[in-house]
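Fold and geometry: a report
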Amino acid sequence: MVAPIRKAVFPAAGLGTRFLPATKAQPKEMLVLVDKPVIQYGVEEAAQSGVPNIIIVTGRGKNAIEDHFDVAVELESFLTQRGKTAQLEEIRKIARAINVAYVRQGEPLGLGHAVLVTKNLVGNEPFAVILGDDVIDANPPALRQMIDVYERLDGPVLAVERVPREAVSSYGIVAFDDTENLGKGVYRVKDLVEKPRVEDAPSNLAIIGRYILTPDIFAALEATASDRTGEIQLTDGLRRLLKERPIYVCEIDGVRHDTGNKLGFLKALVYFALQRPELAVPFREYLESLDLKIGAGR
Ligand code: UTP
């Protein structure tokens, strides 16, 4: 039996510069998709995948995240007094489903460094990493699909997606071995290249924001030097680990939205609004009423 995945790390200490000025005094993880902050979609995915222990890596100005997952005594008693049971149930549901711990990153020295600061909280066991920016609508949930692969192959598993060739330079790209039959969309990693030029990319299989890692990643990250920008990259730590053990990738069956950029965020907002029973019809009617010719409405 492989060691179970009990903990999910959410790196949330980045500065969110692509969303300034919104993220000057508010973490980007708290930007709202319909009525839930972005990070809650990932936390619910972890809980629904059977991983209720959440470790959030925070930095300066991220208090709103802690308040969001905390019990709000005054708000709860207000809702109770007013008989607003549906809203009360909604805010209690997520708090009951998870246990949350926080660790500070101090300085945003990269995703690899953010994972490294969770070393003591994670301990000597395998764990998941979820980048909340990537919101994935999938059934079974994306993390559950990965855990199923991990339980079969007993090694680190990275979530990947096929991206258009011209987009490879925005991602970590995987060189993989497709001669072994490991199951649909599952491959053994041969090499990892961070943000390659289109002509240098070994494939169009891009790493997205979900990882299942084994505790030996911590030693690999400790031995990984900072890059030119002074950051420790998780991909560099994984490359180092690859010399010591097999690493696998798994194509996720679902729809991913990268909410870390404005266009991706807007697409996700429309997508999730159209899935809400109470909004679907009037919102679709509104969208269809728009004159969508470029420049219309100016
Ligand atoms: P990003 O590079 O997408 O996030 O990092 P960012 O730096 O906050 O955003 P921009 O590019 O300035 O707009 C991917 C994830 O890793 C976390 C971020 O919070 C995000 O969830 N991260 C990144 C950290 O926790 N610490 C870091 O040092 C860097």
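Cut-offs applied
- Residues numbered from 1 in each chain as written.
- Predicted model: local features only at pLDDT ≥ 70, side-chain atom pairs only at ≥ 80, totals over all residues.
- Heavy atoms only, no water.
- Helix = DSSP H or I, 4+ residues; strand = E, 2+ residues; numbered from the N terminus.
- Buried < 20%, exposed > 50% of the residue type's maximum accessible area, 1.4 Å probe, protein only.
- Polar contact = N/O pair within 3.5 Å; in protein donor to acceptor, adjacent residues only side chain to side chain.
- Contact = heavy atoms within 4.5 Å.
- Core = buried A, V, L, I, M, F, W, Y, C linked by side-chain atoms within 4.5 Å.
- Phe/Tyr/Trp six-rings, centres within 6.5 Å; stacked < 30°, edge-to-face > 60°.
- Near = heavy atom within 4 Å.
- Areas by Shrake-Rupley, 256 points an atom, 1.4 Å probe, with all protein chains shown as cover.
- Nonpolar A, V, L, I, M, F, W, Y, C, P; charged D, E, K, R; others polar.

**Considerations on the side chain of Lys28**
Mapped onto the fold, Lys28 is located in the loop between strand E1 (7–11) and strand E2 (32–33). Overall, Lys28 belongs to the buried group, its relative accessible area being 14%. Of note is the side chain of Lys28, whose polar atom sits 2.8 Å from the side chain of Asp133.

**Here's the deal with the side chain of Ser203**
With respect to the helices and strands, the residue Ser203 is situated in the loop between strand E10 (186–194) and strand E11 (205–213). Of note is the side chain of Ser203, whose polar atom sits 2.6 Å from the backbone oxygen of Val174. In this structure Ser203 touches Arg165, Val168, Ile173, Val174 and Phe176, once residues within four positions along its chain are discounted.

**With respect to the nonpolar core**
Counting 36 residues, the largest nonpolar core has Phe10 and Leu143 as the members making the most contacts within it. At seven residues, the largest contribution of residues to this core is made by helix H7 (residues 142–153). Every residue in contact with Phe10, bar those within four places of it in the chain, is listed here: Ile39, Gly42, Val43, Ala46, Ile54, Ile55, Ile56, Val57 and Ile130. In this structure, Val57, Ala114, Phe176 and Leu213 belong to the second largest nonpolar core, which totals 33 residues.

**Notes on the packing of aromatic side chains**
Each pair of aromatic rings is reported with the distance of its centres and the angle of its planes. Counted according to the given criterion, the structure contains five aromatic pairs. Aromatic side chains Phe176 and Tyr187 sit 4.5 Å apart centroid to centroid with 45° between the ring planes, which places their arrangement in the tilted category. Here Tyr187 lies in strand E10 and Phe176 lies in strand E9 (residues 172–177), a separation of 11 residues in the sequence. A residue is classified by how much of its surface remains accessible, and Phe176, at 18% relative accessible area, is buried. Centroid distance Tyr271 to Phe272: 5.1 Å. Interplanar angle 80°. Geometry classified as edge-to-face. For Tyr271, a relative accessible area of 23% translates into the label partly exposed. A network of ring pairs unites the aromatic residues Tyr41, Tyr271 and Phe272 as a single cluster.

**What to know about the site of the ligand**
Around the ligand sit 17 residues in total, of which Gly16, Thr17, Arg18, Gln105 and Gly110 are the nearest. Taking Leu15, its main chain carries an N or O atom lying 3.2 Å from an oxygen atom of the ligand. Interatomic distance of 2.8 Å between a backbone N/O atom of Arg18 and an oxygen atom of the ligand. Summarising the interface, the protein chains cover 82% of the accessible area of the ligand, which totals 570 Å² for the free molecule. Tallied by class, the residues present in the shell around the ligand amount to eight nonpolar, five polar and four charged.

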